[in-house]
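So the chains spell out like this:
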Amino acid sequence: MIAVTGLRERKKQQTHDALSQAAIGLFLEHGFDEVPVADIAAAADVSKPTLFKYFPTKEDLVMHQIADHQGEAARIVRASSAPPVEALRDHFRTGLAEREPTTGLNDHPQVVAYYDLVFGTPALATRLRAFMDEDERALTEVLGGDLTAELLAAQLLSTQRILAYRNWLAISGGQSATERYPTATAEADLAFERLG
């Protein structure tokens, strides 16, 4: 029974990923607003009801790529014995070194195109903001749930967002991740130091 369940789950995950990839490919080629859901379903060889079973909204087809980072800051702080500012600084610096796309310091053409799509499409930028608001609420809870926790959570996540956006702007402006890395780490150190 375990093997059957495992196979079923793998098939569901494969369909999930195939739908998202088909959608993102079409959105990058034609624009988010120009691609009807029926075209995405056809490209993935599924029905519209099947597509909506996996992704309730068109925006979810794109945001799936970053959904595994949802609540990440809260998880890092909860798992660390270091103070929250230090734990998140270290995590962000590790992300820079590893060229983690969420740090903005990744110049792979597909990653750049993906973030161009997200930041350049109002509906997706709005959904991204909703993700960030959920992250802020989760981090606030981990930090204690009071006003001080709420303010610190907002400062920490705004700092990460601003740093990542500055990196993305430099990369989308033609700078390589390698060229940007020294500035990105210096800016991260300065920004988190001011929160400490």
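To be clear, the structure that these remarks concern was listed above.
Summarised in this report is the structure supplied together with it. Since the model is a prediction, treat every value here as computed from it, not as a measurement. (Residues numbered from 1 in each chain as written. Predicted model: local features only at pLDDT ≥ 70, side-chain atom pairs only at ≥ 80, totals over all residues. Heavy atoms only, no water.)

Some details on helix H5 (residues 72-79)
Item 1. Of the positions making up H5, those classed as buried are Ala73, Ala74, Ile76 and Val77. The buried side chains of H5 occupy one side of the element, clustering within an arc of 165° when seen end-on. The exposed set on the far side of H5, more than 90 degrees from its buried face, consists of Arg78 and Ala79.
Item 2. Along its buried surface, H5 packs onto helix H6 (84-97), helix H8 (122-142) and helix H9 (147-172). (Buried < 20%, exposed > 50% of the residue type's maximum accessible area, 1.4 Å probe, protein only. Helix = DSSP H or I, 4+ residues; strand = E, 2+ residues; numbered from the N terminus. Arc of directions from axis to C-beta. Contact = heavy atoms within 4.5 Å.)

Focus: the layout of surface pockets
Item 1. Its volume calculated, the largest pocket comes out at about 830 Å³.
Item 2. Residue lining of the largest pocket: 35 residues in total, with Thr102, Met132, Gln160, Arg161 and Ala164 positioned closest to the centre.
Item 3. When residues of the lining of the largest pocket are traced back to their parent elements, those giving at least two are H5, H6, helix H7 (109-120), H8 and H9.
Item 4. Among the elements that line the lining of the largest pocket, the one with the most residues is H9, at seven residues.
Item 5. When grouped by side-chain class, the residues that make up the lining of the largest pocket number 19 nonpolar, ten polar and six charged.
Item 6. Quantified by volume, the second largest pocket comes out at close to 290 Å³. (1 Å grid on protein atoms, 1.4 Å probe; cavity = no way out; pocket = protein on both sides within 12 Å on 5 of 7 lines; lining within 4 Å. Points joined across faces, edges and corners; volume = space filled by probe spheres on them. Nonpolar A, V, L, I, M, F, W, Y, C, P; charged D, E, K, R; others polar.)

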